Amino acid sequence: MKEISLNILDVATNSVTADATTVDITVDYEFATDDLSVIIADDGRGMSEDFVKSVTDPFTTTRTTRKVGLGIPLFKDSAELTGGSLEIISKLGVGTTIKAVYKISSIDRMPMGDLADTVTALIGLKESLRFILQYKVDGREFRFDTDEIRAQLDGIPLSNYEVLAFIKEYIEGGINNTNGGLDIL
């Protein structure tokens with residue numbers, strides 16, 4: 001994968017297939033510590049302790065359509081290549097949290113990519129889920145929550161093309177404002 005947002009899309013799609021009702025995505029740039037943290041947390045099925053230990057192996061997957069699962073191993077490798085790390089916390093019946101930390105200044109850090117497009121695609125994938133995006137840059141924060149949007153729509157589905165276009169534009173604006181003029185994407 002060439003962008004961090006594609007890793008987010010892949011991991012969050014796993015949350016959808018794990019029957020999550022809420023997926024919380026946090027992107028946090030801390031320039032003072034040179035850290036970019038990406039956290040994807042869900043309340044899905046979770047994983048057993050043994051499966052968590054092996055899930056970063058590309059030949060470990062729950063998919064029946066193929067024998068290889070590259071999403072989490074590639075996420076881990078991309079973070080570690082920058083001097084960062086990947087941590088997985090999961091409990092059966094409770095959910096999973098995956099945290100990747102990248103070193104911002106590393107020449108090997110891939111760009112963020114189109115985070116607004118990623119979140120919009122996830123909403124379109126399963127509109128009944130609650131998606132939360134927390135985007136932070138050095139203490140400034142933008143927060144997006146599909147429950148707050150639903151409350152304003154009076155029954156119009158999130159999957160409506162015009163609604164998705166609005167959501168994408170709204171997230172792009174929130175990210176740009178939070179970046180404060182920094183070109184960090």
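Residues numbered from 1 in each chain as written. Predicted model: local features only at pLDDT ≥ 70, side-chain atom pairs only at ≥ 80, totals over all residues. Heavy atoms only, no water.

### Examining the pairing of strand S4 (residues 95–103)
Where strand S2 (residues 35–42) meets S4, eight bridges bridge the pair, whose relative direction is antiparallel. When the sheet's bridge partners are listed, isoleucine 39 is paired in S4 with lysine 99. As judged from the seven bridges shared by strand S3 (residues 85–91) and S4, these two strands associate in the antiparallel manner. Bridged to leucine 86 within S4 is alanine 100. The antiparallel hairpin formed by S3 and S4 contains three residues in its connecting segment, where glycine 93 sits at a positive phi of about 80°. (Pairing = 2+ DSSP bridges. Helix = DSSP H or I, 4+ residues; strand = E, 2+ residues; numbered from the N terminus.)

### A few points about the sheet that holds strand S5 (residues 130–137)
Taken in spatial order, the six strands of this open sheet run S3-S4-S2-S1-S5-S6, and their pairing is mixed. Only two strands of the sheet have a single neighbouring strand rather than two, namely S3 and strand S6 (140–145). Each neighbouring strand pair of the sheet contributes to a mean axis angle of 10°, computed without reference to strand direction. Set on the sheet, helix H5 (residues 146–153) makes contact with S5 and S6; between it and S6 the angle comes to about 55°. In the packing of helix H6 (residues 161–179) onto the sheet, the strands contacted are S5 and S6, and the crossing angle to S6 comes to about 165°. (Axes fitted to C-alpha atoms, helices over the stretch in contact; angles between N-to-C directions. Contact = heavy atoms within 4.5 Å.)

### Describing the packing of aromatic side chains
Two measures describe an aromatic ring pair: the distance that separates the ring centres and the angle between the ring planes. Taken as a whole and judged by the stated rule, the model has five aromatic pairs. Consider the rings of tyrosine 29 and tyrosine 135, whose centres lie 6.0 Å apart with planes at 65°: the pair is edge-to-face. Taken together, the residues tyrosine 29 in strand S1 (residues 22–30) and tyrosine 135 in strand S5 connect sequence positions 106 residues apart. Given a relative accessible area of 0%, tyrosine 29 falls into the buried group. On the basis of relative accessibility, which here comes to 0%, the residue tyrosine 135 falls in the buried class. Seen from their ring centres, phenylalanine 166 and tyrosine 170 are 5.8 Å apart, and the 20° between their planes marks the pair as stacked. Here phenylalanine 166 pairs with tyrosine 170, and both are found in helix H6, just four residues apart, close to one helical turn. Each member of the aromatic cluster is reached from another via a ring pair, and the members are Phe142, Phe144, Phe166 and Tyr170. (Phe/Tyr/Trp six-rings, centres within 6.5 Å; stacked < 30°, edge-to-face > 60°. Buried < 20%, exposed > 50% of the residue type's maximum accessible area, 1.4 Å probe, protein only.)

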